Amino acid sequence: GSLFFVVGGSLTNSSFFNDAIQQSIISIAQVGANIIIMNVFLIALSKLGIINLIAKGISAVGIEIDFSLGIAYAMFEMTQGVNLISQSVDKIKDIIVALSVIISFGGVSIIMQSMIFLSKIGIKASYFIVTTISHAIIAYIIASLLVLLY
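Residues numbered from 1 in each chain as written. Predicted model: local features only at pLDDT ≥ 70, side-chain atom pairs only at ≥ 80, totals over all residues. Heavy atoms only, no water.

Visitor: Describe the packing of aromatic side chains, with residues and values.
Guide: The tally for this structure, following the rule as stated, stands at one aromatic pair. Seen in terms of ring centroids, phenylalanine 41 and phenylalanine 76 are 6.1 Å apart; in terms of plane orientation they differ by 70°. Their pairing is edge-to-face. Placement of the pair is phenylalanine 41 in helix α1 (residues 16-47) and phenylalanine 76 in helix α3 (residues 65-76), with a sequence separation of 35 residues. Taking the relative accessible area as the measure of exposure, phenylalanine 41 reaches 41% and is therefore partly exposed. (Phe/Tyr/Trp six-rings, centres within 6.5 Å; stacked < 30°, edge-to-face > 60°. Helix = DSSP H or I, 4+ residues; strand = E, 2+ residues; numbered from the N terminus. Buried < 20%, exposed > 50% of the residue type's maximum accessible area, 1.4 Å probe, protein only.)

This is the structure:
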């Protein structure tokens, strides 16, 4: 059925609220499906050893392997990467800087979720990705400077 609301003192039949509810449900389903797909993809990458290969590549520059594994996961899905990094035995300053960058970047999953909505208003993926990477770089600089005060 339709919802009714009062406009200027008169009762008006409107599908506005019904449309808003339907669009909200669709949006929630899209984000949920994206999260599920990304988690399945991440499990596949992990089982195939690709995440470990990425972590080994990252650790080649002198970063501890557990920390590198967290970074590798965070490239795709922020939550798992943040969890792994926060449990690593690295220096707290390195953890703070890494988490600042990861939370700013968000990972591929967050970018895909954002693009579901941003593409509808004409924002190109390339622009959003460059902006997100720029934000992560600024977060790195700020966090690196702030941990010097600690």
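Visitor: So what's going on with the environment of phenylalanine 17? Residues and values would help.
Guide: Mapping phenylalanine 17 onto the fold places it in helix α1. Spatially, the C-alpha atom of phenylalanine 17 lies 42 Å from that of leucine 45, the residues being 28 residues apart in sequence.

Visitor: Describe a nonpolar patch on the surface, with residues and values.
Guide: A cluster of nonpolar side chains, contributed by Ile129, Ile133, Ile137, Tyr140, Ile141, Leu145 and Leu148, occupies part of the molecular surface with about 680 Å² of accessible area. Checked against the element boundaries, isoleucine 137 lands in helix α7 (residues 125-148). Looking at isoleucine 137, the relative accessible area reads 48%, which means it is partly exposed. (Patch = residues over 30% accessible without salt bridge, like charges linked within 9 Å, V, L, I, M, F, W, Y side chains within 5 Å. Areas by Shrake-Rupley, 256 points an atom, 1.4 Å probe, with all protein chains shown as cover. Salt bridge = Lys/Arg side-chain N within 4 Å of Asp/Glu carboxyl O.)

Visitor: Account for the packing of helix α4 (residues 78-86) against helix α5 (residues 92-105), naming residues and giving values.
Guide: Interhelical geometry of α4 versus α5 gives an angle of 180° and a closest axis separation of 10 Å. Taken together, the axis directions place α4 and α5 in an arrangement best described as roughly antiparallel. Note on element contacts: α5 touches α4 through Ile95, Ala98, Leu99, Ile102 and Ile103, opposite Met78, Val82, Ile85 and Ser86. (Axes fitted to C-alpha atoms, helices over the stretch in contact; angles between N-to-C directions. Parallel < 35°, antiparallel > 145°, perpendicular 65-115°, else oblique. Contact = heavy atoms within 4.5 Å.)

Visitor: Would you mind going over the environment of leucine 99 in detail, with residue names and values included?
Guide: Take leucine 99: it is sitting in helix α5. The class of leucine 99 is buried, set by a relative accessible area of 17%. Placed 41 residues apart in sequence, leucine 99 and isoleucine 58 show a C-alpha to C-alpha distance of 16 Å. If near-sequence neighbours (up to four positions away) are discounted, leucine 99 is found in contact with Val82 and Ile85.

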